[in-house]
Amino acid sequence: MPTATRTMRAHQSARNRDFLRACRRIIDRADPSTPLTIKEVAAAAAASPAPEFYLSYEYALRIISSPEPKRQCATAGAVIRRRRELLARLDAMLAANPGMDRRDALVRVLESPASSFFISPETGRRIISAHARRPR
C-alpha cells in the first residue's frame, strides 16, 4: 500500500517494525565485549535513517502548512526536525523538477527515506519494551 494512503495505525506499525529492525542492526554491529543498555540501543536506533517518514499525505500537509511549534515539550524537538526536513526535501524536489505538482512531490518525499525515525529515545525504549512483552 502506498505510504500516503495508509492509516495512522498502519504507519505506526510499519515504523515500529522498521525501528525494531534498526535496533537489531545496532545490537548485531555492537562490540560484544561492551554490553548495550536498552536506552543506548533505543537512542541509536531513533537517530538512525528510516526507510520513510511514516506519515499520511493529509497529516504531512498539515505539518508543513502549520507554523513551527513554539512550546517546548518532550517531542517538540523531533516534531520540529521532521517538519524542517519535510519542507527542505519538498523544496528540493520541486526545484529539481520544475512544473511538478506539489502533491506529487510531497507523496514522493513521504515515500523516500528519512534521516531518522523522528522519535525520542524514550519512545524508542517503549517500542522495544512493548515488543519484548508481546507473547510469542
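Above this note sits the structure.
Reference entry: report on the structure contained in this document. (Residues numbered from 1 in each chain as written. Predicted model: local features only at pLDDT ≥ 70, side-chain atom pairs only at ≥ 80, totals over all residues. Heavy atoms only, no water.)

**Looking at the overall build of the protein**
Okay, step 1: Within the protein, the secondary structure is distributed over 6 helices and 0 strands.
Okay, step 2: Seen in sequence order, the protein has helices and strands lined up from the N terminus as α-α-α-α-α-α.
Okay, step 3: Principal axes of the C-alpha set define a box for the protein whose edges measure 55 × 35 × 30 Å.
Okay, step 4: Looking at the protein as a whole, 38% of its 136 residues qualify as buried.
Okay, step 5: If you average the places of the 25 positive and of the 13 negative side-chain charges in the protein, the two averages end up 6 Å apart. (Helix = DSSP H or I, 4+ residues; strand = E, 2+ residues; numbered from the N terminus. Buried < 20%, exposed > 50% of the residue type's maximum accessible area, 1.4 Å probe, protein only. Lys, Arg positive; Asp, Glu negative; His and termini not counted. Charge placed at Lys NZ, Arg CZ, Asp CG, Glu CD.)

**Quick word on the packing of aromatic side chains**
Okay, step 1: Within the structure shown, the criterion is met by 3 aromatic pairs.
Okay, step 2: Between Phe53 and Phe118, the ring centres sit 6.0 Å apart and the planes meet at 10 degrees, which makes this aromatic pair stacked. Placement of the pair is Phe53 in the loop between helix 2 (38–47) and helix 3 (57–65) and Phe118 in the loop between helix 5 (102–110) and helix 6 (121–133), with a sequence separation of 65 residues. An identical accessibility class is assigned to Phe53 and Phe118; each is buried.
Okay, step 3: Taken together, Phe19, Tyr54 and Phe117 form an aromatic cluster joined through their ring pairs.
Okay, step 4: Directly above the aromatic system of Tyr57 lies the positively charged group of Arg103, at a separation of 4.3 Å from the ring centroid. (Phe/Tyr/Trp six-rings, centres within 6.5 Å; stacked < 30°, edge-to-face > 60°. Lys NZ or Arg CZ within 6 Å of the ring centre and 35° of its normal.)

**With respect to the packing of helix 1 (residues 8–29) against helix 2**
The description of two packed helices rests on the angle between their axes and on the distance between the axes.
Okay, step 1: Between helix 1 and helix 2, the least distance of the axes is 9 Å, while the angle of their chain directions is 115 degrees. Once helix 1 is placed against helix 2, the crossing between them reads as right-handed. For the pair helix 1 and helix 2, contact is made by Phe19, Ala22, Cys23, Ile26 and Ile27 and by Val41, Ala42, Ala44, Ala45 and Ala46, respectively. (Axes fitted to C-alpha atoms, helices over the stretch in contact; angles between N-to-C directions. Left-handed = near helix turned anticlockwise from the far one by under 90°. Contact = heavy atoms within 4.5 Å.)

**Let's talk about unusual backbone geometry**
Okay, step 1: Even without a glycine there, the phi angle at Tyr54 is positive, about 60 degrees.
Okay, step 2: With respect to the helices, strands and loops of the structure, Tyr54 is situated in the loop between helix 2 and helix 3.
Okay, step 3: At Phe118, a position not held by glycine, the phi torsion is positive, near 55 degrees.

**Here's the deal with the nonpolar core**
Okay, step 1: Within the largest apolar cluster, 30 residues are counted, with the highest numbers of intra-cluster contacts made by Phe19, Phe53, Leu55, Leu86, Leu106, Leu110 and Phe117.
Okay, step 2: If you list the elements that add at least two residues to this core, you get helix 1, helix 2, helix 3, helix 4 (76–96), helix 5 and helix 6.
Okay, step 3: Examining the composition of this core, we find that 5 residues originate from one element, helix 5, more than from any other. (Core = buried A, V, L, I, M, F, W, Y, C linked by side-chain atoms within 4.5 Å.)

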